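One-letter residues, chain by chain:
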Amino acid sequence: MGRITLEGVTKSFDDTKVIHGADLEIEDGKFVVFVGPSGCGKTTLLRLIAGLEDVSGGRILIDGKDVTRLAPAKRGLSMVFQSYALYPHMSVRRNIAFGLKMARMPKDEIERRVAHAAGILNLTDYLDRRPGQLSGGQRQRVAIGRAIVREPKGFLFDEPLSNLDAALRVQMRLEVTRLQKQLKTTAVYVTHDQVEAMTMADQIVVLQAGRIEQVGTPLELYQRPANVFVAGFIGSPRMNLFEGPVAKRNGATTLGVRPEHLRVQPGEAVAPAGCEAWGGTVIQAEHLGSDTFVYVDVPGIGTLDARCTGELRVQVGDTVTLLPDMYQLHRFDAQQLAMA
Amino acid sequence: MARRTPVPRIVLTSVVAWTVGLVIFFPILWMLLTSFKTELAAFSSSPSFLFFHWTTENYVAVWTRSNYLEYAWNSVVIALGSTLVALAISVPAAWSMAFSPTKRTRGILMWMLSTKMLPPVGVLVPIYLLYRDAGLLDTRLGLVIVLCLSNLPIMVWLLFNYFKDIPKDILEAARMDGATIGKEIVYILAPMAVPGIASALLLNVILAWNEAFWSLNLTSSHAAPLTAFIASYASPEGLFWAKLSAASTMAIAPILVLGWFCQKQLVRGLTFGAVK
């Protein structure tokens, strides 16, 4: 079991409040990703759950038990650090076994668990090496091995893949997700990379400036962002957001439309009944083969980004018409909140 | 491929290095030579460098006149004792300052260092009176305490500088793994800081061994270390250069040998973690 509950958790460093009353329910066995721009408090929130920072207010419960004042090791959680934080003077075997040794587990049980974890993570041949003799990916696996041998109630990951190169990151992303599904252990994962968030998470928690902006499945966040911030943050390329007469005409203060929901039609076109059509000039076109990104300057709106599948033959300076999918328009009120 | 240093430059730097080295080493060399001279030759107004009558009579005289081993034993006890006590205090102190710093940590470190700027003679009278009342005068314990306190700032600084380069993540990982503070220090911090701890230890032993001010003022016979042993040849019966030199050579020999074998560690310690 590993059900983590945050109740009005706040954190201040001196006079600066960095977490403003976080309420969150993490179900057992779920993969939850904290995502947000740097400095939004996602790592701090993770460290509060881990017990590496003291909370300033509120409660943290694990399986219904208040652990707010409990030492990190007593919470039954394991953490994988961004820097891996392996013990450089110990072999891989001793690194993985350290937590079990601290728990005074019998030697043969330690050996069994280390061998099992090494098997899962393809580390069997490296058990007698020091961390300094391993590659980045292998070190990452040792850090994960150290976390799983303790059979914790939950894993905490603090941007664990950010030090790896792009190809390895994709591979480790798959491995981490697969491992979590296999072990069925609750995982809390911090990242600023929204692709990681979208692909790995059962549930995403979007944070900004120490506040939880929205909690939901990746598709919920994509399809129904709760406010302008989430709308702009989730999705790549980011959603077009604009104010002005066109937004007013559609009954909103801010109107949002994702690039993939804009159809580009060369030349001038007339809008079908009940639809919008925005004419403009192409200021840039990116041809990727699989997709074409077209940046269009629309008078009265500004620059809109449209994503078209396949190759679209447009050039800078061309006149085009953008036809938004009317069912995919996102309307936000003056408080920047999504309108029903 | 590394660029080759031009020959004239090698010659020049070698000459400069050897000159500086010899200038620094000369007093010790001269002491060593004088210790093998007769008192007459040692006093001679035309000193000879190598061509004199070599004799070991000074060593025999010093050995028979005073109990060298007792002084040496006192030095060992005082140097090692003060170092171990200082280590036991400075490791946790440096650990807490390096890994849980507060706004005042820098200030405390500066304040600790500032005590080293105070001339010891400034606190001689109060310490002497305290020691007299506490019955610590002329005891090894008394010297262990005062030398431990006087070297503590340097130990804390050295260790602090070492510790702060150790990533905090690693200690936090140990904490997540269930290590208590004690185990964290024993299993993680200490092994990672072995070079730093070793050089701090060594430096402290050397400083305590060579310390003269407190040992001369707070001891007379029972707890007198080798520095007092040297001083005992300085004045009462007039100056005996040759015997004084022999006594000094005997006093510094153990620490010189220790320093020779550990010079690599010492250099690391003295550069305060700048050389890795």
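Residues numbered from 1 in each chain as written. Chains lettered and ligands numbered in written order. Predicted model: local features only at pLDDT ≥ 70, side-chain atom pairs only at ≥ 80, totals over all residues.

### Points about the overall build of chain B
Part 1 of the argument: Each helix and strand counted, chain B has 14 helices and 0 strands in total.
Part 2 of the argument: Traced from its N-terminal end to its C-terminal end, chain B shows the element sequence α-α-α-α-α-α-α-α-α-α-α-α-α-α.
Part 3 of the argument: C-alpha extents for chain B along the principal axes are approximately 70 × 65 × 30 Å.
Part 4 of the argument: Within chain B, the proportion of its 276 residues that are buried is 34%.
Part 5 of the argument: For chain B, restricting intrachain contacts to residue pairs at least 6 apart in sequence, the fraction spanning at least 24 positions comes to 77%. (Helix = DSSP H or I, 4+ residues; strand = E, 2+ residues; numbered from the N terminus. Buried ≥ 20, exposed ≤ 12 C-beta atoms within 10 Å, placed from the backbone. Contact = placed C-beta atoms within 7 Å.)

### Quick look at the overall build of chain A
Part 1 of the argument: What chain A contains, in helices and strands, is 9 helices and 18 strands.
Part 2 of the argument: Taken along the three principal axes of its C-alpha coordinates, chain A extends 75 × 45 × 35 Å.
Part 3 of the argument: When the 340 residues of chain A are sorted by exposure, 39% land in the buried category.

### With respect to the interface of chain A and chain B
Part 1 of the argument: Across the boundary between the two partners, chain A contributes 16 residues, which contact 14 residues of chain B.
Part 2 of the argument: Every element with two or more residues in the side of chain A that touches chain B is listed here: strand E6 (77–80) and helix H2 (92–102) of chain A.
Part 3 of the argument: Among the elements that line the side of chain A that touches chain B, the one with the most residues is H2 of chain A, at 3 residues.

### Brief notes about the environment of Val-205 of chain B
Part 1 of the argument: Mapped onto the secondary structure, Val-205 of chain B falls in helix H10 (residues 194–210).
Part 2 of the argument: Those residues in contact with Val-205 of chain B that sit more than four places away from it in its chain are Ala-79, Leu-80 and Thr-83 of chain B.

### Thoughts on the domain arrangement of chain A
All names here are of chain A.
Part 1 of the argument: Domain boundaries assigned for chain A yield domain 1 (4–232) and domain 2 (237–332).
Part 2 of the argument: Here the C-alpha centre of domain 2 lies 39 Å away from the C-alpha centre of domain 1.
Part 3 of the argument: Taken together, the contact pairs 5 residues of domain 1 with 7 residues of domain 2.
Part 4 of the argument: Here the side of domain 1 that touches domain 2 is built from residues that sort into 3 nonpolar, 2 polar and no charged. (Domains from an automatic or database assignment. Nonpolar A, V, L, I, M, F, W, Y, C, P; charged D, E, K, R; others polar.)

### Some thoughts on the packing of H2 of chain A against helix H3 (residues 107–120) of chain A
Residues and elements named next belong to chain A.
Part 1 of the argument: Relative to each other, H2 and H3 sit at 130 degrees, their axes nearing to 10 Å. It follows that H2 is oblique to H3 by the angle criterion. In this structure, H2 crosses over H3, and the sense of that crossing is right-handed. Every residue of H3 that contacts H2 at Arg-93, Ile-96, Ala-97, Leu-100 and Lys-101 is listed here: Ile-110, Arg-113, Val-114 and Ala-117. (Axes fitted to C-alpha atoms, helices over the stretch in contact; angles between N-to-C directions. Parallel < 35°, antiparallel > 145°, perpendicular 65-115°, else oblique. Left-handed = near helix turned anticlockwise from the far one by under 90°.)

### Remarks on the packing of H2 of chain A against helix H4 (residues 136–148) of chain A
All names here are of chain A.
Part 1 of the argument: Put simply, H2 and H4 touch, their axes get as near as 7 Å, and they point 30 degrees apart. By the angle between their axes, H2 is roughly parallel relative to H4. Where H2 crosses over H4, the handedness of that crossing is right-handed. Across the interface between the two elements, Val-92, Asn-95, Ile-96 and Gly-99 from H2 touch Val-142, Gly-145 and Arg-146 from H4.
Part 2 of the argument: Here the residues of the contact of H2 with H4 are counted per class, giving 3 nonpolar, 3 polar and 1 charged.

### A look at the confidence of the model for chain B
All names here are of chain B.
Part 1 of the argument: Of all residues in chain B, 94% attain a pLDDT of 70 or more, and the chain-wide mean is 85.
Part 2 of the argument: Taken element by element, the predicted model of chain B shows its lowest mean pLDDT in helix H14 (residues 263–270) (68) and its highest in helix H6 (residues 124–134) (93).
Part 3 of the argument: Across residues 272–276, where pLDDT falls below 50, the model places 7 contacts with residues more than four positions away in sequence or in other chains.
Part 4 of the argument: In the predicted complex, the global pTM is 0.77; the interface-specific ipTM is 0.82. (pLDDT = per-residue confidence, 0-100.)

### Side note on the nonpolar core
Part 1 of the argument: In terms of nonpolar packing, the biggest core is built from 146 residues, with Val-33 of chain A together with Leu-159 of chain B touching the most fellow members.
Part 2 of the argument: Considering every element that reaches this core, the biggest residue donor is helix H7 (residues 140–163) of chain B, with 14 residues.
Part 3 of the argument: Viewed by domain, this core spans two of them, domain 1 (4–232) and domain 2 (237–332) of chain A, each represented by three or more residues.
Part 4 of the argument: With sequence-adjacent residues up to four places away left out, Val-33 of chain A is seen in contact with Tyr-189, Thr-191, Ala-197, Met-200, Ala-201, Ile-204 and Val-205 of chain A. (Core = buried A, V, L, I, M, F, W, Y, C linked by C-beta atoms within 7 Å.)

### Observations regarding the pairing of strand E8 (residues 186–191) of chain A
Two faces, one strand: in a regular strand the side chains alternate between the faces of the sheet.
Residues and elements named next belong to chain A.
Part 1 of the argument: Burial analysis of E8 places 6 of its 6 residues in the buried class, the great majority of the element.
Part 2 of the argument: Burial along E8 is two-sided: the residues Thr-186, Val-188 and Val-190 and Ala-187, Tyr-189 and Thr-191 are all buried.
Part 3 of the argument: With 5 bridges connecting them, strand E3 (residues 31–35) and E8 associate as parallel partners. The residue of E8 that forms the bridge with Val-32 is Val-188.
Part 4 of the argument: Bridge analysis of strand E7 (residues 154–158) against E8 gives 5 bridges, and the strand direction is parallel. From the neighbouring strand, Leu-156 faces E8, where its bridge partner is Val-188. (Pairing = 2+ DSSP bridges.)

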